[in-house]
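# Observations on the model geometry
Take a look at the letters that make up each chain.
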Amino acid sequence: MRNYRSYDFWKDSLILAKTIYQLTDSFPKYDAIINQMQRAAISIPSNIAEGSSRSSLNDFARYLEISIGSLYELETQIELSYMLKYINKTEYNDLIVNIQSIEKRLHSFIKKIRSIN
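Here the structure is a predicted model, which means the values were calculated and not measured.

### Brief notes about the packing of aromatic side chains
Summed over the entire model, instances satisfying the criterion amount to eight aromatic pairs. Between Tyr 7 and Phe 9 the ring centres are 5.1 Å apart and the planes differ by 5 degrees, which places this aromatic pair in the stacked class. Summarising the burial analysis for this pair, Tyr 7 and Phe 9 share the class buried. The interplanar angle of 80 degrees and the centroid separation of 5.9 Å between the aromatic rings of Phe 60 and Phe 109 together place this pair among those described as edge-to-face. Here Phe 60 is found in helix 3 (residues 57–83), whereas its partner Phe 109 is found in helix 4 (residues 89–116), with 49 residues between them in sequence. A relative accessible area of 1% places Phe 60 in the buried class.

### Side note on helix 3
Note that an α-helix has 3.6 residues per turn; residues three or four places apart therefore point the same way. If you check helix 3, its first and last C-alpha atoms are 39 Å apart, about what 27 residues at 1.5 Å a residue would give, namely 39 Å. Two residues or fewer past helix 3, Lys 85 is found with a positive phi of approximately 65 degrees.

### Observations concerning the environment of Leu 57
Turning to its location among the elements, Leu 57 is positioned in helix 3. Overall, the relative accessible area of 22% leaves Leu 57 in the partly exposed class. Spatially, the C-alpha atoms of Leu 57 and Ile 116 are 8.4 Å apart, while their sequence positions differ by 59 residues.

### Regarding the side chain of Gln 38
Looking at where Gln 38 falls in the secondary structure, it is placed in helix 2 (residues 32–52). When its relative accessible area of 17% is taken as the criterion, Gln 38 is described as buried. Not counting residues up to four positions away in its chain, the partners in contact with Gln 38 are Ile 20, Tyr 21 and Thr 24.

Definitions and limits used
- Residues numbered from 1 in each chain as written.
- Predicted model: local features only at pLDDT ≥ 70, side-chain atom pairs only at ≥ 80, totals over all residues.
- Heavy atoms only, no water.
- Phe/Tyr/Trp six-rings, centres within 6.5 Å; stacked < 30°, edge-to-face > 60°.
- Buried < 20%, exposed > 50% of the residue type's maximum accessible area, 1.4 Å probe, protein only.
- Helix = DSSP H or I, 4+ residues; strand = E, 2+ residues; numbered from the N terminus.
- Expected span 1.5 Å × (residues − 1).
- Contact = heavy atoms within 4.5 Å.

Next comes the structure, spelled out in structure tokens:
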């Protein structure tokens, strides 16, 4: 079993989830995007953690890929939030940079895992 707490991308994705929860607190109260963004955000570190418990590297990589899918989903929701003026340009830029950083590290880690198999 791997220690998911040791991965920087897990730590950063957990902080990202917290940021999304705090950010969506200012959105219009009943907008469905709040739930969607929160679910996508919490899915990222959750799948990293769950995948780390899998015995095979292929299974672990599959869960990391699910996390990447959630990052893409969240990125899309952030785009929409910016278009709807729920977030400003600075918030948008900071979130996109953070998301893309996590995406790149996950892609690199998956590539490394797949090369071991």
